[in-house]
Amino acid sequence: MNSQVLKEKYVELYEEHKNTLPGKNIPWLENLREEAIDQFKQSGLPDTSVEEWNVYPYKNLTNNYFSITGKENIDLSELEIKDEDCIARLILHNGSVVKIEADKLPERVLINSLSYFIENHPEIIEGNINPINKHFETRLSNIIDPKSQGIVSLNTAFHKDGAVIYIEKNIEVSGYIEIINLSNNKTNLMNHIRSLIILEAGAKCKVIEKNIGLYSEDNLLFSSSVTDINLSKDSSLSFMRLIAGNLKNTNVNCTHADIEENAIFNSTSFVCSKGDARDEIRVNLNGTNSLVNLNGLLLGLEKSKNELLTKVRHIAKSTNSNQNVRAILNDKARGSFQGKIRVEKKADDTVANMSGKSLLLNQSARVNSKPELEILADDVSCSHGVTVGSLDPEQLFYLSSRGISNNEAKKMLIAAFSEIVFENLDVSFKKNAQKFMVDYYGTY
């Protein structure tokens, strides 16, 4: 479908449904939606002409029109029961919260759907849903490029629900909070989820987000999930995102995080879809001594396309970032890691490190790795590097000479290759990640 025609159809769809979207009588939210659709009118959907999207064409997304009107039934009885370490679980289906399971929550911990907060406590979320221009890409030429944010524009305009986690000052939440995004469809359907994680000064919590595209017969599914994270002074968040889906799924996920003084953000992504999946993580280190640790694992089989994009801006002095990404690709899978570190002019004493390594298990598998450094300050310590390789025949021979079968030797080397992504996860996170990988991919 022609890109201009497609853009016009989505704008018409918004005009048709905008009065049914939550918050129609809340001026600041109405303004956010209007600004977003105005930006989409200019930019449209991103395609390979956009630098951040030029690795693989998302033909299902750019050649097809998706409706928001589909309503499908879902049976939650087959969903695994809530883990004992999980204190609260929010289950979304096709973009709407359909079930909340929670133990007795500590005082001053608020967990509910976005639609609930819009209706009952809009003052809590005001200012925490980022405007569309918050994370526009600024080039070294000082030209601001909004084109890469076309999906976020659609999400900001069309979102109807999501999860909100609000932790008040100095509260440490035991266990973890889980968000499950389920999608299925009998028509070409899109759903847009907007979630917020807000930690006041000194608060601490752990969150797992699972994005699962279910079997969709002969129809296509397009799902976007945007999570706005705001970490106040001395707070700490561990956040893990797990992405799965089938051949008919296009899943685009975005994390936008603002980290203040002495706050810590630990983020781990597992991008494991059998269709098209993309995870974007944009972090602003706004406060002195703020820290972000970004870890990611891309798993690819068959004809899957899985991408991870990271953008870390060091804005304040004495900030730290660490990025470790691993890709393991088999069959005709495609993978991509685009990582950027930008150190602003006054961000002296920055320490930033990035490592991206890829393991190709088949000659037909392909990977693209693109590390970038933009350093505008003088007193910094920054490094980046990427490698691409296959299993080492000498290592395989060594293990086989010790009586280990070839298949088991491969598993051992693959596990060692990806260990850096798992090594700092706590027990509950590691258990969830390993089960997720086995459920959707088996063992390599």
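Structure's up top.
Residues numbered from 1 in each chain as written. Predicted model: local features only at pLDDT ≥ 70, side-chain atom pairs only at ≥ 80, totals over all residues. Heavy atoms only, no water.

Draft legend 1. The packing of aromatic side chains, seen in detail. One pass over the structure, following the stated rule, counts eight aromatic pairs. Residues Tyr 10 and Phe 40 carry aromatic rings whose centres are separated by 6.2 Å and whose planes lie at 70° to one another, so their mutual orientation is edge-to-face. Taken together, the positions of Tyr 10 in helix α1 (residues 3–17) and Phe 40 in helix α2 (residues 27–43) put the pair 30 residues apart, joining distant regions of the chain. A relative accessible area of 0% means that Tyr 10 is categorised as buried. What makes Phe 40 buried here is its relative accessible area of 0%. By way of ring pairs, the aromatic residues Tyr 10, Phe 40 and Tyr 65 are connected into one cluster. Between Lys 9 and the ring centre of Tyr 65, over which it is positioned, the NZ or CZ distance is 4.4 Å. The ring of Tyr 58 has Lys 305 lying over it, and the distance from NZ or CZ to the ring centre is 5.5 Å. (Phe/Tyr/Trp six-rings, centres within 6.5 Å; stacked < 30°, edge-to-face > 60°. Helix = DSSP H or I, 4+ residues; strand = E, 2+ residues; numbered from the N terminus. Buried < 20%, exposed > 50% of the residue type's maximum accessible area, 1.4 Å probe, protein only. Lys NZ or Arg CZ within 6 Å of the ring centre and 35° of its normal.)

Draft legend 2. Focus on empty space enclosed by the protein. If you walk through the whole model with that rule in mind, you get three cavities of 30 Å³ or more. Estimated volume of the largest cavity: approximately 50 Å³. Considering the residues around the largest cavity, the lining is formed by Asn 181, Ser 183, Asn 211, Ile 212, Gly 213, Leu 221, Ser 223, Asn 249, Thr 250 and Asn 251. Elements that contribute at least two residues to the lining of the largest cavity include exactly β7 (176–183), β9 (204–213), β10 (221–231) and β12 (249–259). Partitioned by chemical class, the residues of the lining of the largest cavity number two nonpolar, eight polar and no charged. (1 Å grid on protein atoms, 1.4 Å probe; cavity = no way out; pocket = protein on both sides within 12 Å on 5 of 7 lines; lining within 4 Å. Points joined across faces, edges and corners; volume = space filled by probe spheres on them. Nonpolar A, V, L, I, M, F, W, Y, C, P; charged D, E, K, R; others polar.)

Draft legend 3. Structural context of helix α8 (residues 406–422). A rise of 1.5 Å per residue sets the reference length of α8, with its 17 residues, at 24 Å; its end C-alpha atoms lie 24 Å apart and thus fit the reference within 8%. Along α8, the sharpest change in direction is near 35° and occurs at Ala 416. Turning to α8, its buried residues are Ala 409, Leu 413, Ile 414, Phe 417, Ser 418, Val 421 and Phe 422. (Expected span 1.5 Å × (residues − 1). Bend = angle between axes of the 7 residues up to and from the residue.)

Draft legend 4. Structural detail: the pattern of salt bridges. Taken as a whole, this structure holds 29 salt bridges when the rule is applied. Close ionic contact of Arg 282 with Glu 52 constitutes a salt bridge, the shortest N to O distance being 2.6 Å. Here Glu 52 lies in the loop between α2 and α3 (59–62) and Arg 282 lies in strand β14 (residues 276–285), a separation of 230 residues in the sequence. Residue classification places Arg 282 among the buried residues on the basis of a relative accessible area of 3%. The partner of Glu 80 in a salt bridge is Lys 435, and the shortest N-O contact between them spans 3.1 Å. In this pair, Glu 80 is assigned in the loop between α3 and β1 (86–93) and Lys 435 in helix α9 (residues 427–441), connecting sequence segments 355 residues apart. Residue class for Glu 80 comes out partly exposed when judged on its relative accessible area of 35%. (Salt bridge = Lys/Arg side-chain N within 4 Å of Asp/Glu carboxyl O.)

Draft legend 5. Fine view of the packing of α1 against helix α6 (residues 150–158). Viewed as axis vectors pointing N to C, α1 and α6 meet at an angle of 15°, and their least axial separation amounts to 11 Å. By the angle between their directions, the pair α1 and α6 is classed as roughly parallel. Pair α1 / α6 crosses with left-handed handedness. Counted together, Tyr 10, Leu 13 and Tyr 14 of α1 and Leu 154, Ala 157 and Phe 158 of α6 form the full contact between these two elements. (Axes fitted to C-alpha atoms, helices over the stretch in contact; angles between N-to-C directions. Parallel < 35°, antiparallel > 145°, perpendicular 65-115°, else oblique. Left-handed = near helix turned anticlockwise from the far one by under 90°. Contact = heavy atoms within 4.5 Å.)

Draft legend 6. Structural view of the nonpolar core. Of all hydrophobic cores here, the largest spans 47 residues; its most connected members are Ile 167, Val 207, Leu 237, Phe 265 and Val 283. Val 283 has contacts with Ala 257, Ile 259, Phe 265, Val 292, Leu 294, Lys 311, Val 312 and Arg 313, leaving out every residue within four places of it along the chain. Residues Leu 182, Ile 208, Cys 272 and Ala 433 belong to the second largest nonpolar core, which totals 30 residues. (Core = buried A, V, L, I, M, F, W, Y, C linked by side-chain atoms within 4.5 Å.)

Draft legend 7. Structural context of the sheet that holds strand β17 (residues 320–329). Spatially, β2-β1-β7-β9-β11-β13-β15-β17-β19-β21 is the arrangement adopted by the ten strands of the open sheet, whose pairing is mixed. Bordering the open sheet on either side are β2 (96–102) and β21 (380–389), each of which pairs with just one other strand. Put simply, the sheet's adjacent strands are angled 10° from each other on average, direction ignored. Here strand β19 (residues 350–360) runs beside β21; their pairing, made up of ten bridges, is parallel. Looking at β21, one finds that Ser 355 is bridged to Gly 385. Against the sheet, α8 makes contact with β13 (264–271), β15 (291–300), β17 and β19, and its axis sits at roughly 150° relative to β17, the strand it touches most. (Pairing = 2+ DSSP bridges.)

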